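# Secondary and tertiary structure notes
Residues per chain are reported as follows:
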Amino acid sequence: MRKEVVLITGANGEIGHGLISYFFDNENTNVLALDVMPPDKELEKMCDRFIQGDILDNMLLGRLVAEYEIRAIYHLASILSTKAEYNPETAHKVNVEGTLNLLRLAVEQAGWQGKPVKFLYPSSIAAYGLPDLEIKNKSGKINEDEWCHPTTMYGCNKLYCEHLGRYYTKFYRRLAVDSTQSGIDFRALRFPGLISASTTPTGGTSDYGPEMLHHAAMGIPYHCFVRADTKLPFMVMPDAIKSLLLLEQAPRENLKQLVYNVTSFNPSAGKFRDIVLEAFPKAEIDFVPDLSRQGIVDSWPADIDDAAARKDWGWEPDYDQQRAFTEYLIPAVKAKYS
Ligand code: AKB
């Protein structure tokens, strides 16, 4: 008998940390973790098994099929937006070919198990691309079908992988004589910028929010790489984990679409600084915009519309802006660095 597990790729990343800790604390779930980097030791203890390996290694993925019954895949591994611009072709390989490898693994698993394998995919606000600031500022909340013209390699990868998920779920091998369903049950979330109190992001462009907070808590000056008036949607990590779990548990028949926006609050970078300064009055934060990274953020929406997620599977964040800072971020970062 093969062991039943949930596979989490990119396990060492920020969402991986949150998700694995959740499963360890709350559910009797065997976690098979995969990451290209050596395991974080604390995280490793919470997993059934942690494999250091590459999602581009098909031999490794083949061995996982032989050894485990994978009931769900949380495919978190990816190269984020800023890092991807330094090597777009490598980013494409990891973000797209890596996802394709996992979709193939899911098809095989579903075939062996005779039941659908859930494929949870964190997409991003990077899938959007607004042409200029004027349009960004007057567009308000953007829904899933608007402005899908990404301007970064990462955004292109995310949008395309959403389409791949739709293809594998609904149209896989549609011309085959024995064309049956692939068995993949793909579900994607378009995340806003995420902020965790326990980890810091690397390689993203929404990183200025969490970086400002963590630098202030550590007593290190921070030069914010976007203008003070820059607005993006954000959400705290506990809500990101909540949304992934809620979407995973939602009955398939309730899901009218495969890709959902989720969000919580959207302060300007200047407001973000004010809130951080209130908690850390000695923090040194100034604005030194990097025009290239500013250009990326300016192409992302100032806010997104998550009405479909609210309607179809009861999504609602636990943390609005006030609660996110006063009840989660500020006390937790103070404790972390004290
Ligand atoms: C990034 O900045 O690349 C990510 C994202 C918005 O998906 N945090």
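All of these numbers come straight from a predicted model, not from anything done at the bench.

Calculation notes
Residues numbered from 1 in each chain as written. Predicted model: local features only at pLDDT ≥ 70, side-chain atom pairs only at ≥ 80, totals over all residues. Heavy atoms only, no water. Core = buried A, V, L, I, M, F, W, Y, C linked by side-chain atoms within 4.5 Å. Buried < 20%, exposed > 50% of the residue type's maximum accessible area, 1.4 Å probe, protein only. Contact = heavy atoms within 4.5 Å. 1 Å grid on protein atoms, 1.4 Å probe; cavity = no way out; pocket = protein on both sides within 12 Å on 5 of 7 lines; lining within 4 Å. Points joined across faces, edges and corners; volume = space filled by probe spheres on them. Helix = DSSP H or I, 4+ residues; strand = E, 2+ residues; numbered from the N terminus. Nonpolar A, V, L, I, M, F, W, Y, C, P; charged D, E, K, R; others polar.

Next up on the list: the nonpolar core. With 76 residues, the main nonpolar core has Ile 8, Tyr 74, Phe 191, Tyr 208, Phe 280 and Trp 313 as its most contacted residues. When sequence neighbours within four positions are dropped, the list of residues in contact with Phe 191 reads Ile 15, Pro 122, Ser 123, Ser 124, Ile 125, Met 235, Ala 240, Ser 243, Leu 244 and Val 262. Grouped together as the second largest cluster of nonpolar side chains are 34 residues, Val 5, Leu 7, Val 65 and Val 259 included.

The next point concerns the layout of surface pockets. Each pocket or cavity is described by its volume, and for the largest pocket that value is around 1,100 Å³. Around the largest pocket, the lining is made up of 44 residues, and of these Gly 13, Leu 76, Ser 78, Leu 80 and Thr 202 lie nearest the centre. Looking at the lining of the largest pocket, the elements that each hand over two or more residues are helix H1 (14–26), strand S2 (31–35), helix H4 (81–86), strand S5 (117–124), helix H7 (153–170) and strand S8 (193–195). Looking at the lining of the largest pocket element by element, the count peaks at four residues for H1. When its residues are assigned to classes, the lining of the largest pocket shows 20 nonpolar, 18 polar and six charged. In this structure, the second largest pocket spans a volume of roughly 240 Å³. Surrounding the second largest pocket, 13 residues form its lining, Gly 18, Met 237, Pro 238, Ile 241 and Tyr 328 being those nearest its centre. Those elements that place two or more of their residues in the lining of the second largest pocket are H1 and helix H9 (237–249). Residues that form the lining of the second largest pocket fall into these classes: four nonpolar, six polar and three charged.

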